[in-house]
Amino acid sequence: MNRLPTTILFLLALGTSTVAVPDPICSGLCTGTIRDPAVLRRDDGTWLRFTTEGNLRIATAPSISGPWTSNTGEAGAMLPGGSIIDLDPDQRLWAPNVFFSNGQFYCHYSVSTIGSQNSAIGVATSVTGEPGNWTDHGSIGLPADTRYNRIDANFFRECDTCTPYLNFGSAWEHLFQTTLTSDLLKWSGEAPVHIARNTSFPSVPQTYPSIMEGAFMWWLPNVNGHKYFYLFFSSGACCNTPQSEEGLEAPGDEYKIMVCRGESVTGPFTDKDGRNCLTENGGSLVLGSHGDVYAPGGQGLAHDPDADRVALYYMYVNKADGTYNDFRFGFNWLDFSSGWPEVVE
Ligand SMILES: *[C@@H]1O[C@H](CO)[C@@H](O)[C@H](O)[C@H]1NC(C)=O
Ligand SMILES: *[C@@H]1O[C@H](CO)[C@@H](O)[C@H](O)[C@H]1NC(C)=O
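In this text the structure is predicted, and so the values were computed from the model without any measurement.

J.: Any chance you could explain the site of ligand 1 here in plain terms?
T.: Taken together, Thr 128, Gly 132, Asn 133 and Thr 135 make up all the residues around ligand 1. Gly 132 places a main-chain nitrogen or oxygen 3.5 Å from an oxygen atom of ligand 1. The separation between an oxygen atom of ligand 1 and a polar side-chain atom of Asn 133 is 2.4 Å. For ligand 1, the accessible surface in isolation is 370 Å², of which the surrounding protein chains cover 39%. In terms of residue class, the shell around ligand 1 is built from no nonpolar, four polar and no charged.

What follows is the structure, encoded as structure tokens:
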């Protein structure tokens, strides 16, 4: 049997680790403050993209690659008049999380003001997913707690009859998990459980630049004989600009996409090095800044049945435009064959 000398194997290993990270894929409407995307394909093949700005703007495309188009203003909004939740005159709608179940789309969204725990998670439903077709059901009724902020909802369940989980949380003590009622419109009453935290970040408000937030759960029934639950999240400073008071974050402290993995939906979750993601500040990098791509985050995953591949979609800033405040949308394909998600194209 021919064997390559160890030195050559070593060089080959070095070679693969320096392969350039691919650029974000997107065509059509990909710029113009597109934050916290949620993307999925409707049964008829149309892709839908929901984002924070414009009372949860909805764009559509024939493929996840685009070209994305949307109406502006009220004609493009999920909730043109805002939410029926009434918290604060300055409240905003944030971070849509959308899935299809029992013949309709559900969107769990957040209502909040920057840096406050005066927040709520609400839910709206629609048969078509199009603007103008949504019914707002208001707050799910999750109670307040000093440890968490009720934003960045992420619905997850393994099957249509399985327990409906809701992951959520941001600043303060980061990520929590609870369950919903079977109609998916209300909190079940089960006390939220802490699932991930980075104690290197002080337990302070959203205004602290570096936080762990934006949970997104994905599962695979069989990766090399294991069933895995992947807890993706964003870590770092999402939104500093050179013009902001603090200026840009120190390189490496800006937003990035990380992942932890567990063999149960409720955890425990650990990273590639085996560090616990609740008690040992665990988390493995999936996608960070590279080239002109700065601070990717606000991510989610979608299976594309045409390509039979899983996409990691996210928002990011293009360094080249200099302002650092035009959030763009893009995605890359993931490969899970090693047991951990790798951005491959
Ligand atoms: C949404 O569209 C469906 C199908 O056209 C219709 O039956 C339903 O009444 C619409 N709902 C709203 C809230 O507009
Ligand atoms: C935890 O915080 C430290 C310090 O800011 C940071 O370097 C690290 O990447 C963070 N890890 C996670 C998993 O968020």
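From this point, the discussion proceeds with the structure in view.
J.: Looking at this structure, I do not really get the site of ligand 2. What am I missing?
T.: Around ligand 2, the neighbouring residues are Asn 198, Ser 200, Phe 201, Phe 233, Ser 235, Met 258, Asn 281, Gly 282 and Gly 283. Here an oxygen atom of ligand 2 and a side-chain polar atom of Ser 235 are 2.7 Å apart. Residues that form the shell around ligand 2 fall into these classes: three nonpolar, six polar and no charged.

J.: Is there a simple way to explain the confidence of the model for the protein in this structure?
T.: When pLDDT drops low, the exact placement of atoms in the prediction is not to be read closely. Per-chain confidence: the protein averages 92 in pLDDT, with 92% of residues scoring 70 or above. In the predicted structure, residues 1-16 sits below a pLDDT of 50 and forms two contacts with residues beyond four places in sequence or in another chain.

J.: Honestly, the packing of aromatic side chains in this entry has me stumped. Any pointers?
T.: Counting across every chain of the model gives 16 aromatic pairs. For the ring pair Phe 331 and Trp 333, a centre distance of 5.0 Å and an interplane angle of 80 degrees mean the geometry is edge-to-face. For the pair Phe 331 and Trp 333, a shared accessibility class is recorded, and that class is buried. An aromatic cluster is present here, built from Trp 68, Tyr 313 and Phe 329 joined pairwise through their rings. Sitting above the plane of the Phe 329 ring, Arg 49 keeps its charged end 4.8 Å from the centroid. Across the ring face of Tyr 228, the terminal group of Arg 261 is positioned such that the distance to the ring centre comes to 3.7 Å.

Thresholds, definitions, all that
- Just so you know, the residues in each chain are numbered from 1, in the order the chain's sequence is written.
- Written order decides the labels, with chains lettered from A and ligands numbered from 1.
- This being a predicted model, a pLDDT of at least 70 is required before a residue's local features are given, and a value of 80 or more before pairs of side-chain atoms are given or counted; all residues contribute to the totals for chains, interfaces and linings.
- Side-chain numbers here rest on the full set of heavy atoms in the structure, without hydrogens or water.
- Residue proximity to a molecule or strand is established when one non-hydrogen atom of the residue lies within 4 Å of it.
- Contacts described as polar in this section are N or O atom pairs within 3.5 Å, which, within protein, must combine one atom able to donate a hydrogen with one able to accept it, while residues neighboring in sequence count only if both atoms come from side chains.
- Areas reported here follow the Shrake-Rupley algorithm with a probe of radius 1.4 Å; residue values treat only the protein chains shown as occluding.
- Residues are sorted three ways: Asp, Glu, Lys and Arg are charged, Ala, Val, Leu, Ile, Met, Phe, Trp, Tyr, Cys and Pro are nonpolar, and all the rest, Gly among them, are polar.
- Confidence scores per residue from the predictor, reported as pLDDT, run from 0 to 100.
- In this analysis, two residues are considered to be in contact whenever any of their non-hydrogen atoms come within 4.5 Å of each other.
- The pairing test for Phe, Tyr and Trp rings, Trp by its six-membered ring, is centres within 6.5 Å, and the orientation test on the planes gives stacked under 30 degrees, edge-to-face over 60, and tilted for anything in between.
- Relative accessibility decides the category of a residue: with a 1.4 Å probe and only protein chains considered, values under 20% of the type maximum give buried, values over 50% give exposed, and everything between is partly exposed.
- Remark: a charge is flagged as sitting over a ring if the NZ atom of Lys or the CZ atom of Arg is within 6 Å of the ring centre and within 35 degrees of the ring normal.

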